[in-house]
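Chain by chain, the residues run as shown.
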Amino acid sequence: MRKIILIMLAIGLTFAPINTFAFPPEFAGGVNNEYEYEEIVFITGKPIKFTGTAKITEKDKADTKTVSYKINLTPTENSGKDKLTRNITYVTEYDDHSDRGQTIGQTRVNSYSETIELDGNKFTLKDYQFSKSDVIDNRPASDFYSGNVTGRKVYDINKKGRTVEGEVIIDISGSNAGYENFWGATETQTIDFIYNVNWELPGNKTGDEDENKTTPSRSWQGMVKSQVSDSMTKTLKYSNNEANFSSFNGGYICITSSEIVSKYDYDLPYMDEDRISDDKREKGSKYLSKEMVPKIERLIVPKFRDLGGHWAESYINKLYSLDVFDEVPTFFIPDAPMVREEFTKAVMRASDIRPAQEPVKRSSRRNREPEISPFADVSVEDDNYEYIKSGVEKGIIQGISGDRFAPRDYLTRAQAITVIIRALGFENKAPTPGYITSFSDDRSIPSWARDSIYMGQEIGLVQGDQLNRINPNDELTRAEASAMLVRFLEFLEKDLQKDYRENIILFN
């Protein structure tokens, strides 16, 4: 099912306390929390910090999403009349390619108005051309997307009637990359702004001989690069029960945090009062950041009696608290082999976690043909049928033959790694066939699992034993499966954010 992840804020809210999805506001490198919005303005040739409010409204209709920004700002060192007012509406149209698991988004500007008043001068936006296109790869574990931005803003300077003192042209180009899953969402934008300012000030007349005299030109050229990253992450923290006489010792808390950081790198002419020198440049960086107030949520408390002191106890308890496991008995049996249907269910739940979720509901069978299972050994009445069906439809797991799934067969390490890597969609990122892995038992790796095992090692999901063996054909215990699933969730929580935020900003 298509997921729209680029623009997701509730209608009429001014920065809801927790953004379900993370994306930077507007396209100016600004940052926000629940109370305030900030951005750096360079239109006068100097970096000036503005703060104020930003209200975002969105409307969703069929495959079209409309998002409007109403921004009112003043400089942090306000002289009294200086201000920025911006009202812009963007429209995104989505083209769903469900047969390929992808969606294309095209964004354009629908309406705009903007004025900036600084130091007695007024800059009025008279034209705004904008185009943005994204491709979204919808994977079971996470949606990944990237896009490109191009545009141009043209401002009049001190327009009075039909006369203007000058013009500011800002050429815009850049890109964005992001992901969204239960554990987090991050989008990072890198946008270049090229400034071309043509500004001739009228002279002060002192006589007929000075009729055509003008002050020195305030025309200039400059460049600004903004890198802004908005992230939402969820982490688990264990909280002890401080009461001695209680039926449980403690449990996990899910903490949702949101932070947006921004960096501006600028290369501008040196300005001394009204004199501008292109021989001497002003270069530097400005940083902004805002954090939301965290949201906390208590999770179900596990009460297994056979986990005390077991090496996988914390892994199993985490997964139970998140409802990845939903065993009712008081014994988990961690060293028993994991079976195919249990692991399929766990991966599907881990990819789309809903704490305390209700059982999967089948659609009403009234007025429709009875559903037929694709596998002779999996009944449509089976409690895990919907998970198996979804896993097969999404291409993360297959039957052992045309009509058999073998739900109760034991799972091997190679099978488990393959399922998780397919859930991420990373199997196609392996090298051209013919390569060998670094594991000492490389020859034991089945050909169908080689790409997944290679990528599993690349992203830190798996590693060899003391003899550097991956042991691909060994059966996976429930404890080992739990450790692998927790590492999978940690990758969704931490590794993706680092790659989409720190790595992009630090190395660009």
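Residues numbered from 1 in each chain as written. Predicted model: local features only at pLDDT ≥ 70, side-chain atom pairs only at ≥ 80, totals over all residues. Heavy atoms only, no water.

Novice: Lay out the overall build of the protein with the relevant residues and their values.
Specialist: Helix and strand content of the protein: six helices and 14 strands. Expressed as a percentage of its 508 residues, the buried residues of the protein come to 49%. Residue pairs in contact within the protein that sit at least 24 positions apart in sequence constitute 66% of those at least 6 positions apart. Just so you have it, the protein exposes about 25,500 Å², and 46% of that area is on carbon and sulfur atoms. (Helix = DSSP H or I, 4+ residues; strand = E, 2+ residues; numbered from the N terminus. Buried < 20%, exposed > 50% of the residue type's maximum accessible area, 1.4 Å probe, protein only. Contact = heavy atoms within 4.5 Å. Areas by Shrake-Rupley, 256 points an atom, 1.4 Å probe, with all protein chains shown as cover.)

Novice: Pulling in residues and values, what's your account of unusual backbone geometry?
Specialist: Positive phi, normally seen in glycine, also occurs at Ala-62, with a value near 55°. Of note, Ala-62 is situated in the loop between β3 (48-61) and β4 (64-75). Ala-62 sits in the exposed class, given a relative accessible area of 69%. Of note, the phi angle at Ala-406 is positive, near 55°, even though the residue is not glycine. By relative accessible area, Ala-406 is classed as buried at 3%.

Novice: Please set out helix α5 (residues 450-458) residue by residue, giving values where relevant.
Specialist: Every buried residue of α5 is accounted for by Arg-450, Ser-452, Ile-453, Met-455 and Gly-456. Tucked into the core, α5 has its buried residues touching α4 (413-424).

Novice: So what's going on with α4? Residues and values would help.
Specialist: Given a rise of 1.5 Å per residue, 12 residues ought to cover 16 Å, and the 17 Å separating the end C-alpha atoms of α4 matches this to within 8%. Counting buried positions over the 12 residues of α4 gives 11, a clear majority of the element. If you check which residues of α4 are buried, you get Arg-413, Ala-414, Ala-416, Ile-417, Thr-418, Val-419, Ile-420, Ile-421, Arg-422, Ala-423 and Leu-424. After α4 finishes, the residue Gly-425 shows a positive phi value of roughly 80°. (Expected span 1.5 Å × (residues − 1).)

Novice: Please give an account of the pattern of salt bridges that cites residues and values.
Specialist: Counting across every chain of the model gives 22 salt bridges. With a shortest N-O distance of 2.8 Å, Glu-341 and Arg-408 are connected by a salt bridge. Within this pair, whereas Glu-341 is found in helix α2 (residues 340-351), its partner Arg-408 is found in the loop between α3 (385-393) and α4, the two being separated by 67 residues in sequence. Using a relative accessible area of 8% as the deciding quantity, one classes Glu-341 as buried. (Salt bridge = Lys/Arg side-chain N within 4 Å of Asp/Glu carboxyl O.)

Novice: I'd love a proper account of a negative patch on the surface, names of residues and values included.
Specialist: Residues Asp-335, Asp-474, Glu-475 and Glu-480 make up a contiguous surface patch of negative charge. Looking at the secondary structure, you find Asp-474 in the loop between α5 and α6 (478-506). (Patch = residues over 30% accessible without salt bridge, like charges linked within 9 Å, V, L, I, M, F, W, Y side chains within 5 Å. Lys, Arg positive; Asp, Glu negative; His and termini not counted. Charge placed at Lys NZ, Arg CZ, Asp CG, Glu CD.)

Novice: Which residues make up the packing of aromatic side chains, and what are the values?
Specialist: Under the definition given, this model contains 21 aromatic pairs. Summarising the aromatic geometry, the rings of Phe-325 and Phe-332 are spaced 5.3 Å apart at their centres and angled 50° between planes, so their arrangement reads as tilted. For the pair shown, Phe-325 and Phe-332 are each scored as buried. Taken together, the ring pairs in this structure connect Phe-27, Tyr-69, Tyr-90, Tyr-112, Tyr-128 and Phe-130 into an aromatic cluster. Between Lys-153 and the ring centre of Tyr-128, over which it is positioned, the NZ or CZ distance is 5.1 Å. (Phe/Tyr/Trp six-rings, centres within 6.5 Å; stacked < 30°, edge-to-face > 60°. Lys NZ or Arg CZ within 6 Å of the ring centre and 35° of its normal.)

Novice: Explain the pairing of β4 to me, using residue names and the numbers behind them.
Specialist: Burial along β4 is one-sided: Lys-65, Val-67, Tyr-69, Ile-71, Leu-73 and Pro-75 are buried, and none of Thr-64, Thr-66, Ser-68, Lys-70, Asn-72 and Thr-74, which face the opposite way, are. Two elements, β3 and β4, share 12 bridges in a ladder whose sense is antiparallel. What sits directly across from Phe-50, in β4, is Pro-75. Hairpin connection of β3 to β4: two residues between the antiparallel strands, including Ala-62 at a positive phi of 55°. (Pairing = 2+ DSSP bridges.)

Novice: How would you explain the nonpolar core if you had to name every residue and give the values?
Specialist: Ranked by internal contacts, the top residues of the largest apolar core, which has 67 residues, are Phe-325, Phe-343, Phe-488 and Leu-492. Counting residues per element, this core draws most heavily on α6, at 11 residues. For Phe-325, the residues in contact, after removing those within four places along its chain, are Ile-316, Leu-319, Tyr-320, Phe-332, Met-338, Ala-346, Ser-482 and Leu-485. One finds Ile-43, Leu-84, Ile-170 and Leu-288 within the second-largest nonpolar core, a separate group that totals 47 residues. (Core = buried A, V, L, I, M, F, W, Y, C linked by side-chain atoms within 4.5 Å.)

Novice: I'd love a proper account of the pairing of strand β2 (residues 37-41), names of residues and values included.
Specialist: Where burial is concerned, most of β2 is hidden: five out of the five residues are buried. Because side chains alternate across β2, one face comprises the buried residues Tyr-37, Glu-39 and Val-41, and the other comprises Glu-38 and Ile-40, equally buried. The pairing of strand β1 (residues 31-32) with β2 spans two bridges and is classified as antiparallel. The residue of β2 that forms the bridge with Asn-32 is Tyr-37. Where β1 hands over to β2, the hairpin turn is made up of four residues, counted between the paired strands. Bridging between β2 and β3 involves five bridges; their strand directions are antiparallel. Paired with Glu-39 across the bridge in β3 is Phe-50. The turn linking β2 back onto β3 is made up of six residues, and Gly-45 within it adopts a positive phi angle of 95°.

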